[in-house]
Structures are given as C-alpha cells and as structure tokens.
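Spelled out from the first residue to the last, the chains are:
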Amino acid sequence: MNIERAPEPTTTEPAGRDTRKVRVAVVFGGRSGEHSVSCATAAGVLRAIDRDAYDVVPVGITRDGRWVLAPDDPALLEGGRAEITADGAQVLVPFGDAPAPLVVAEPGEVPHQLGAVDVVLPLLHGPFGEDGTIQGLLEMAGTRYVGSGVLASAAAMDKHYMKIILAGQLLPVGPYTVITPRMWRTDKAAALDAVASLGFPVFVKPARAGSSLGISRVERPEDLEAAVLEAQRHDPKVVVEGAINGREIECAVLEGHGDDAPRTSVPGEIVLDTPAAGFYDYETKYLDTAPLTMAIPADLPEDVVARVQQLAGQAFEALGCEGLARVDFFYTDHGDVVINEVNTMPGFTPYSMYPALWEASGLPYPELIDELVSLALERSAGLR
Ligand SMILES: Nc1ncnc2c1ncn2[C@@H]1O[C@H](COP(=O)(O)OP(=O)(O)O)[C@@H](O)[C@H]1O
Ligand SMILES: [Mg+2]
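Note that this is a predicted model, so its numbers are computed, not measured.

Draft legend 1. Region of the structure containing the pattern of salt bridges. For the coordinates displayed, the defined rule picks out 21 salt bridges. Here Lys163 ties to Glu241 by a salt bridge, and the two come within 2.9 Å at their closest N and O atoms. A residue pair is termed long-range when its members are at least 10 positions apart, and Lys163 in helix H4 (residues 159-168) and Glu241 in strand S12 (residues 238-242) qualify at 78 residues. Judged by its relative accessible area of 2%, Lys163 falls in the buried class. Here the salt bridges share partners, and the residues they tie into one network are Asp158, Arg208, Asp235 and Lys237.

The structure is reproduced here in structure tokens:
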C-alpha cells in the first residue's frame, strides 16, 4: 500500500453534526480468505447506514492490499463471491494529525483530497483486518475507528493467546495444545504426543484464520498429520483442541458508553439442520450450501443465559475489547459453559448472528451501526 503525506487539509474543523455530516469510511474486502464475506457485510452496511447522519466513503481493499475507492453500490458487493479490483481510484492513507484526510489518486493524476474522515468502519475479517494490523495503521494515522484496538484485535485473532489471556483471568476455556512451526520441524513426535494426550477426536486449527478455514475434526491419530499440514497452509502456528460435545451458543457484546459496563445481547444458538460436515464450516457459514438455523434467543435455562452473558462481558473486558465482539461458547452436555472464541469483527451482514442478536435484544441494525460509530467517535485516539 502506498502511504504518502497528504496535502494540507482544506477542512481542519473536526466534524460535528451541526457543521457537516460525520464522514465514515467503510473499509472492506482485504487480504484475508474472508474477502467476499467482508464485501457482503459492506453491502449490508451501505444499505442500512443513515445517510442523513453520515457521509459514506466506501473503500475497498484488493486481495493484494491496495486501497481503492469502491462504488457505493451494495448490489455489486453481495452474493458471497464479490471481488475488489484495482480499477477504482487509489486511496492513500496519510500519517498525520487527526482527523486524517483520505487522499485519492486517479492513475496518472496528482492525488486529491477526499476530505477528512471522522471515523473508519473496518468491516474486515481475519488476517490484515481483524488482527490488529489495520488498527495499527489507523492508530498511526490518528484516525478513529470502530471496534477493538491493536492488542485486543491481535489477541482475539490468535486462538493460542486468546486462551492464555482468558484462562489467566480464570475464564473457562477447553483443553488444547499448540504446535509451533519449529516444534513441527524439530520434534514432530513430541507434538503428536501432546495431541494424543488430549484424546481423540480433536479439532486442528490454524491459530489465526477464521470462518473455519483450514480447520478439521480428526477422529484418528493416523489422520492428524494431514490435518496439521492443512492448518499450516493458513497459519504456521497450529492449535489443537480436544473436541467438546455440546451446543454452540453465541452472545453479542457492545461496549458501554462512558463508564458503563459492556452490554450483552440475548444468547443465540447455531443449529445445524444436517450436521454432515460434523461441524460448522466455511461453506455452511457463508455459502448457503448446508442449511443451518440460528435459534434466537437460544432455548436455555435462565441461569445458563445469565452465565453466558456474564462470561461474554468478562471475556470482552479480559481481552480489552472495544466497540463490539461476539463471544462464542459451548454449552456442554455436562452443563458447563466454555468459551470457544471471541470475534472482534463478527459477521455483520443484516442476517448475521451479531446484528440478529441485537435486533432480538431491541437494537435494530441501522441503530446498531449508529451506536458503533458513536462509540468510536466518543473515544480518544492513542493510549486509552
Ligand atoms: N474444541 C471443539 N469442540 C467441538 N467443536 C469444535 C471445537 N472447535 C471448533 N469446533 C467446531 O468448529 C467450528 C469452527 O471453529 P472455530 O474455533 O469457531 O473457528 P473459526 O474461528 O474459524 O470460527 C465451531 O463453530 C464448532 O462447530
Ligand atoms: Mg467460530
């Protein structure tokens, strides 16, 4: 990505609703395996965001990391197969004082300014989006953005460090072991032994991927090596977890205003109608090939609902999340509630679990977007 110092801003006034509309750059696409999912999310946001309150600047990131002005046309971004191409004018992210002006360069042209962006809404999942990297870039540019900061994003993205942080604050996580690339190269036998001690079946996962990419459920030791190699295609570091028998429960968390505690939604449940793949995989989640139902609210005893909500809020705070997160659980056959993972940029189409949970909790999608932008505008840039 090109980073170039911007010409002096023509507008130096920070935006206020009274002077001009708040300018929101909606950023999507990106370098991860979840490129098209991100585009679909952007389509939902572009349709729903309140145009009377916000000036919207759609910014796409190509798979090779270029930032381009994207058409403000949801129809082009839907369907789960959309691709951001480098056709649009290039967007340059400047470093400087907030609010950072976004600079646009048409091919062969002198860059011109698009105006100060008040807040960036990074609708990016997975590596280079949900993992702290774009958050770091925006911190450097002095721009406010929706969602968690660098550390919380990076820690929640990494299934290894996420568990360390949660367990360090005595929150319940399942049994697991980690296979680093060096362990795999130098002492594969020890790595395989550590896995065997978890007992089969196990789930083999890239430490930092998402959307179930590279994840396999392994029933027998002889299938383990292939699963590790598959996971390593997505991330050199692999996490192996003991399989947990239970229901999949998810809870949405929204940061509180001021000193208020994080808010939690009613819990929902992922119910596979035909659990053919044995688990909730990429196709199932995003490509409509296998039917699944989101049961909202999940049919759970009251005390379990309270436990899920309490743990969701605690996990959010344990990781230092900001803005939003979806905390995913197993409600085991033994009645335990175990945290599976924390997603700092959960699926966010109008039909995704996170917005649907808020809808069921009394916060409709357009208002949810408004809440998130407001939370981002409330907070200061830099250490907080
Ligand atoms: N330890 C586990 N026990 C049972 N099922 C699991 C386990 N880990 C993952 N799964 C299944 O695999 C799916 C994807 O795993 P997850 O860790 O949520 O990955 P992702 O970050 O890609 O969403 C889960 O939704 C669940 O269905
Ligand atoms: Mg998951």
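Okay, back to it.
Draft legend 2. Geometry of unusual backbone geometry. Here the residue pair Phe200 and Pro201 is connected by a cis peptide bond, since its omega of -5° sits within 30 degrees of zero. Among the secondary structure elements, Pro201 is positioned in the loop between helix H6 (188-196) and strand S10 (202-206). At the junction of Ile296 and Pro297, the peptide bond is cis and its omega measures out at -10° in the coordinates. Along the chain, Pro297 turns up in the loop between strand S16 (292-295) and helix H9 (302-318).

Draft legend 3. Region of interest: empty space enclosed by the protein. Taken as a whole and assessed by the stated rule, the structure comprises three cavities of 30 Å³ or more. Its volume calculated, the second largest cavity comes out at about 50 Å³. Around the second largest cavity, the lining residues are Pro122, Leu124, Gly129, Glu130, Gln135, Val146, Gly147, Ser148, Ser153, Thr344 and Met345. Taken together, the residues of the lining of the second largest cavity sort by class into four nonpolar, six polar and one charged.

Draft legend 4. Seen up close, the packing of aromatic side chains. Enumeration over the complete set of coordinates arrives at three aromatic pairs. Both rings, one in Phe348 and one in Tyr354, keep their centres 6.1 Å apart while their planes meet at 35°; by these two values the pair is tilted. An identical accessibility class is assigned to Phe348 and Tyr354; each is buried. Measuring from ring centre to ring centre gives 6.5 Å for Tyr354 and Trp358, while their planes differ by 70°; the resulting arrangement is edge-to-face. Taken together, the residues Tyr354 and Trp358, both in helix H10 (residues 353-360) and four residues apart, mark about one turn of the helix. For Trp358, a relative accessible area of 6% translates into the label buried. In textbook terms, an aromatic cluster arises when at least three aromatic residues are bridged by ring pairs, as seen for Phe348, Tyr354, Trp358 and Tyr365. If you follow Lys163 out to its NZ or CZ, it ends over the ring of Tyr176, 5.5 Å from the centre. Above the ring of Tyr145, the side-chain terminus of Arg379 is found at 4.9 Å from the ring centroid.

Draft legend 5. Structural detail: the pairing of S12. Within S12, five of the five residues are buried, which leaves it mostly tucked inside the rest of the structure. In S12, alternate side chains face the same way, and those of Val238, Val240 and Gly242 on one face and Val239 and Glu241 on the other are all buried. Two strands pair when backbone bridges link them, and strand S9 (residues 176-179) and S12 are joined in this way by four bridges, in the antiparallel orientation. Looking across to S12, one finds that Tyr176 is bridged to Glu241. Summarising the sheet, S10 and S12 pair through five bridges and their orientation is antiparallel. Across the sheet, residue Pro206 finds its bridge partner in S12, namely Val238.

Definitions and cut-offs
Residue indices follow the written sequence of each chain, beginning from 1 at its first position. All chains are assigned letters beginning at A, and all ligands numbers beginning at 1, according to the order in which they are written. At least 70 in pLDDT is required for a residue's local features to be given in this predicted model, at least 80 for side-chain atom pairs to be given and counted, and no such filter applies to totals for whole chains, interfaces and linings, which use all residues. Just so you know, side-chain values use all the structure's heavy atoms and leave hydrogens and water out. One side-chain nitrogen of Lys or Arg within 4 Å of one carboxyl oxygen of Asp or Glu is enough to make a salt bridge. Going along the chain from the N terminus, every DSSP run of H or I of four or more residues is numbered as a helix, and every run of E of two or more is numbered as a strand. Only protein chains enter the calculation, and the probe is 1.4 Å; a residue is then buried if its accessible area is under 20% of its type maximum, exposed if over 50%, and partly exposed in between. A 1.4 Å probe that fits into a set of points on a 1 Å grid over the protein atoms alone but cannot get out defines a cavity; an open set with protein on both sides within 12 Å along at least five of seven lines defines a pocket, and lining residues are those with an atom within 4 Å of a point. Grid points are joined across faces, edges and corners, and a volume is the space filled by probe spheres set on the points. Following the grouping adopted for this structure description, the nonpolar residues are Ala, Val, Leu, Ile, Met, Phe, Trp, Tyr, Cys and Pro, the charged ones are Asp, Glu, Lys and Arg, and the polar ones are all others, Gly among them. Aromatic pairing here means that ring centres of Phe, Tyr or Trp (its six-membered ring) are within 6.5 Å. Orientation follows from the plane angle: under 30 degrees is stacked, over 60 is edge-to-face, and everything else is tilted. In our convention, an over-ring charge means Lys NZ or Arg CZ found within 6 Å of a ring centre and within 35 degrees of that ring's normal. Pairing between strands requires that DSSP locate at least two bridges from one strand to the other.

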